[in-house]
Amino acid sequence: MPEQLPEPLESFEEGQAIAPTGAGGASDLATAEGETLEKTPGGPLGTGPDKKPRSLWSDAWHDLRRNPIFIISGLIIVFLVIISIWPQLIASGNPLDCDLSKAQEGPQPGHPFGFNGQGCDVYTRTVYGARASVQVGVFATLGVTILGSILGGLAGFYGGAWDGVLSRITDVFFAIPVVLGGLVLLSVVSSNTVWPVIGFMVLLGWPQLSRIARGSVITAKQNDYVQAARALGASNNRMLLRHIAPNALAPVIVVATIALGTYISLEATLSFLGVGLKPPTVSWGIDISSAAPYVRNAPQMLLWPSGALAITVLAFIMLGDAVRDALDPKLR
Amino acid sequence: MGRYVIRRLLQMIPVFFGATLLIFLMVNVMGDPIAGLCGDRQCDPATAAQLEKEFGLDKPVWQQYLTYMGNVFTGDFGTAFNGQEVTELMASAFPVTIRLTIVAIFFEIVIGISLGVLTGLKRGHPVDTSVLLLTLVVISIPTFVTGLILQLLLGVEWGWIKPAVSSDAPFNELIVPGLVLASVSLAYVTRLTRTSIAENKRADYVRTAVAKGLPRHRVITRHLLRNSLIPVVTFIGTDIGALMGGAIVTERIFNIHGVGYQLYQGILRQNTQTVVGFVTVLVIVFLVANLLVDLLYAVLDPRIRYA
């Protein structure tokens with residue numbers, strides 16, 4: 001017999017599986033029953049008996065608040081955002097203040113992570129490096145999501161020739177390796193800001209989101225309530241904004257959250273290759289790249305920024321996972 | 001089936017031309033290819049004009065593109081500005097990268113699928129939980145960090161491997177670089193297989209197979225695996241193109257003289273012909289791999305019929 005033990009939990013999906021949920025007893029009840037069971041204890045919104053059926057969003061929020069993965073990754077992200085705005089809160093030094101005589105030295109009092117090849121404090125640089133990553137991640141994701149969902153959403157809604165053309169254009173973009181495109185386009189830019197990198201990511205990233213948005217708009221379009229709205233004489237704009245957009249948004253948000261982590265990773269990769277951000281911008285990618293030659297004598301130069309980068313990307317991917325679990329009713 | 005193949009081949013044509021045109025335009029934005037020829041000094045205008053004429057750079061971009069594509073179809077990928085034929089560079093670079101990709105795909109198939117099957121069958125078990133956690137960690141560490149750290153540990157500290165790959169790049173030196181290249185996809189393959197196995201485990205046909213009294217390994221290999229691997233095969237197939245294009249980072253870390261190395265050099269030296277030529281071949285690889293995956297679908301899943 002391949003299966004002797006009962007399956008632990010139907011909703012035990014992907015990311016959630018990492019954390020002990022302690023709900024082991026609630027085995028695989030039918031979804032509907034599971035929902036009512038969850039609702040009763042404590043009254044989730046604290047408003048007594050629910051009269052109005054919960055929307056997808058409040059339902060998802062209800063799930064998310066109890067998901068330890070969401071809470072942990074959320075806290076990490078809030079922390080990252082705070083130190084990227086006010087790095088001086090936890091690092092008093094100046095990341096560009098370097099003393100060559102201390103180059104490659106190990107940890108010392110006041111300098112817990114040691115020094116890098118130029119004698120800069122690794123701790124201060126690691127803290128200040130968060131800013132570039134968060135900026136690139138957030139703005140690239142915003143750009144990609146807005147551009148991608150408008151183009152893809154309209155194509156999905158109106159169909160026809162524009163849809164065909166857009167699908168071919170996305171095919172074209174998918175055929176070009178991303179790192180390669182970055183090397184070619186960014187190798188000429190000599191700007192010290194994060195904007196060229198963000199611009200590049202929006203330029204090459206929108207097809208991914210537009211494909212998702214197109215698919216989910218096409219699905220939403222066929223729903224009865226959209227047909228009903230059409231029968232009642234709703235205009236295209238009203239159908240799109242009132243009925244389709246709110247229902248087609250969930251997959252877009254999930255993919256965008258996970259993409260945010262990959263954009264941060266991509267920025268570091270491009271900086272490592274020498275075409276992303278450029279000094280004096282402080283970035284984990286630049287620091288990891290400059291650590292490579294000193295790796296033997298000063299491994300701290302490599303390990304701390306790498307660790308920070310990995311934790312940041314991990315936080316966004318876990319957040320995306322948790323949001324997907326909450327928003328995808330099929331997994332419940 | 002034949003008509004489907006023809007339709008797919010026809011669909012590939014606009015994508016091929018679009019992608020090559022896009023990269024052609026991008027490379028043109030990249031800067032003045034002549035500037036790279038005169039070393040660090042500024043070219044004097046007369047030489048520059050003569051060189052431009054020689055390489056056809058005085059013509060409009062669309063005309064350059066058409067000429068270039070015309071040449072490509074006769075097997076002429078042009079000359080790199082150092083006088084070496086681009087096809088010559090390809091002949092030395094592609095075998096290396098193909099070997100690297102084979103190693104990477106091998107790891108994806110062997111490790112990724114075995115871990116996926118194991119975790120999919122044992123969902124909720126501590127093994128499952130720890131493998132899942134591990135895949136998340138691997139996904140979130142960028143390839144170049146994995147590469148540098150493995151190079152530091154295995155190559156420099158413990159001396160298990162050579163930190164840099166020799167120029168012949170035989171298979172045994174490509175094991176660690178291949179693993180690094182595969183790492184992120186490996187984690188995806190594991191997760192994908194796990195989800196797919198876990199989904200199909202409760203399918204009616206598996207229950208039937210068990211009820212028939214088939215031995216467990218036969219149920220798993222013949223019934224469960226065959227059905228569960230369809231999405232995995234799709235992923236691995238589309239990953240071939242991505243791996244070859246993404247090898248640029250791995251090749252740089254381990255100093256492998258493959259496609260990524262040549263492309264990196266080409267971009268640094270603003271060597272238009274090299275960059276466009278290599279990318280054109282990569283685009284073809286990507287398109288053909290995708291086509292093969294779609295055709296393989298029909299073999300793996302008899303329910304799919306291509307009219």
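Remember, it's a predicted structure, so these values are computed and weren't measured experimentally.

Q: What is the right way to read the overall build of chain A from this model?
A: Within chain A, the regular secondary structure consists of eleven helices and zero strands. Along chain A, helices (α) and strands (β) appear in the sequence α-α-α-α-α-α-α-α-α-α-α when read from the amino end. For chain A, the proportion of its 332 residues judged to be buried stands at 46%. Excluding contacts between residues fewer than 6 apart, the proportion of contacts in chain A whose partners are at least 24 apart in sequence is 71%.

Q: Explain the overall build of chain B to me, please; I cannot follow it from the model alone.
A: Per the secondary structure count, chain B includes eleven helices and zero strands. Secondary structure elements in chain B, listed N-terminal to C-terminal, are α-α-α-α-α-α-α-α-α-α-α. Along the three orthogonal principal directions, the C-alpha set of chain B runs to about 85 × 55 × 30 Å. For chain B, the proportion of its 307 residues judged to be buried stands at 39%. The long-range share in chain B, meaning contacts at least 24 apart out of those at least 6 apart in sequence, stands at 75%.

Q: How should the nonpolar core be read in this particular structure?
A: Side chains of nonpolar character tend, in soluble globular proteins, to be buried together. Ranked by size, the top nonpolar core spans 161 residues in total, and within it Ala-175, Leu-183, Val-197 and Met-201 of chain A carry the most contacts. The leading source of residues in this core is helix α9 (residues 236–272) of chain A, at 17 residues.

Q: Can you help me understand the interface of chain B and chain A in this one?
A: A common way to express how large an interface is: the accessible area buried when the components associate. Taken residue by residue, the interface counts 48 residues in chain B and 42 residues in chain A. Secondary-structure elements contributing two or more residues to the side of chain B that touches chain A are α1 (2–29), α5 (126–140), α6 (143–157), α9 (216–253), α10 (259–268) and α11 (272–300) of chain B. Counting residues per element, the side of chain B that touches chain A draws most heavily on α1 of chain B, at nine residues. Looking at side-chain class alone, the side of chain B that touches chain A contains 36 nonpolar, seven polar and five charged residues.

Q: What am I meant to see in helix α3 (residues 68–85) of chain A here?
A: The periodicity of an α-helix, 3.6 residues per turn, causes residues three or four positions apart to be oriented the same way. With 18 residues, α3 of chain A should cover 26 Å at 1.5 Å per step; its first-to-last C-alpha distance of 26 Å lies within 8% of that length. Contacts made by the buried residues of α3 of chain A are with α2 (56–65), α4 (122–158) and α11 (300–327) of chain A.

Q: What should I look at first to understand the confidence of the model for chain A in this one?
A: Reading fine detail from the predicted coordinates is not recommended where pLDDT is low. For chain A, the mean per-residue pLDDT works out to 76, and 80% of the residues sit at or above 70. Across residues 1–48 of chain A, confidence stays below pLDDT 50; counting only partners more than four residues off in sequence or on other chains, it has 52 contacts.

Q: It is not clear to me how the packing of α4 of chain A against helix α5 (residues 160–174) of chain A should be interpreted in this structure. Could you clarify?
A: Axes are the key here: two packed helices are described by the angle between their axes and the distance separating the axes. Residue and element names in this part refer to chain A. Remark: α4 packs on α5, axes separated minimally by 7 Å, with the N-to-C direction vectors making an angle of 135°. Accordingly, the angle class assigned to the pair α4 and α5 is oblique. Of the two possible hands of crossing, α4 and α5 adopt the one that is left-handed. Each of Leu-151, Ala-155 and Tyr-158 in α4 lies in contact with α5, whose residues at this interface are Gly-160, Trp-162, Asp-163 and Leu-166.

Q: What is the right way to look at helix α7 (residues 175–200) of chain B in this model?
A: The largest bend in α7 of chain B is about 55°, located at Ser-183 of chain B. Counting buried positions along α7 of chain B gives 21 out of 26 residues, so the element sits mostly inside the fold.

Q: Could you clarify how one ought to interpret the environment of Asn-28 of chain B in this entry?
A: Examined against the element boundaries, Asn-28 of chain B turns out to sit in helix α1. In the structure, Asn-28 of chain B is positioned 244 residues away from Thr-272 of chain B in sequence and 7.7 Å away in space, judged by C-alpha atoms.

Q: Where do I start with unusual backbone geometry in this structure?
A: Peptide bonds are, in most cases, trans, and in most cases residues other than glycine have a negative phi. One non-glycine residue, Asn-255 of chain B, lies in positive phi territory at about 55°. In this fold, Asn-255 of chain B is placed in the loop between α9 and α10.

Q: Would you mind going over the packing of α4 of chain A against α9 of chain A with me for this structure?
A: Residues and elements named next belong to chain A. Following both chains from N to C, one finds α4 and α9 inclined at 145°, their axes separated by 8 Å at the closest point. Once α4 is placed against α9, the crossing between them reads as right-handed. In this structure, α4 uses Ser-133, Val-136, Gly-137, Ala-140, Thr-141, Val-144, Thr-145, Ser-149, Gly-153 and Phe-157 to contact α9, whose residues at the interface are Leu-240, Ile-244, Ala-248, Val-252, Ala-256, Ala-259, Leu-260, Tyr-263, Ile-264 and Glu-267. Its residues assigned to classes, the contact of α4 with α9 shows 13 nonpolar, six polar and one charged.

Q: It is not clear to me how the confidence of the model for chain B should be interpreted in this structure. Could you clarify?
A: In the predicted model, chain B carries a mean pLDDT of 82, and the fraction of residues at 70 or more is 90%. Predicted confidence in chain B is weakest over helix α2 (residues 45–54) of chain B, with a mean pLDDT of 71, and strongest over helix α8 (residues 204–211) of chain B, with 90.

Rules of the game
- Residues numbered from 1 in each chain as written.
- Chains lettered and ligands numbered in written order.
- Predicted model: local features only at pLDDT ≥ 70, side-chain atom pairs only at ≥ 80, totals over all residues.
- Helix = DSSP H or I, 4+ residues; strand = E, 2+ residues; numbered from the N terminus.
- Buried ≥ 20, exposed ≤ 12 C-beta atoms within 10 Å, placed from the backbone.
- Contact = placed C-beta atoms within 7 Å.
- Core = buried A, V, L, I, M, F, W, Y, C linked by C-beta atoms within 7 Å.
- Nonpolar A, V, L, I, M, F, W, Y, C, P; charged D, E, K, R; others polar.
- Expected span 1.5 Å × (residues − 1).
- pLDDT = per-residue confidence, 0-100.
- Axes fitted to C-alpha atoms, helices over the stretch in contact; angles between N-to-C directions.
- Parallel < 35°, antiparallel > 145°, perpendicular 65-115°, else oblique.
- Left-handed = near helix turned anticlockwise from the far one by under 90°.
- Bend = angle between axes of the 7 residues up to and from the residue.

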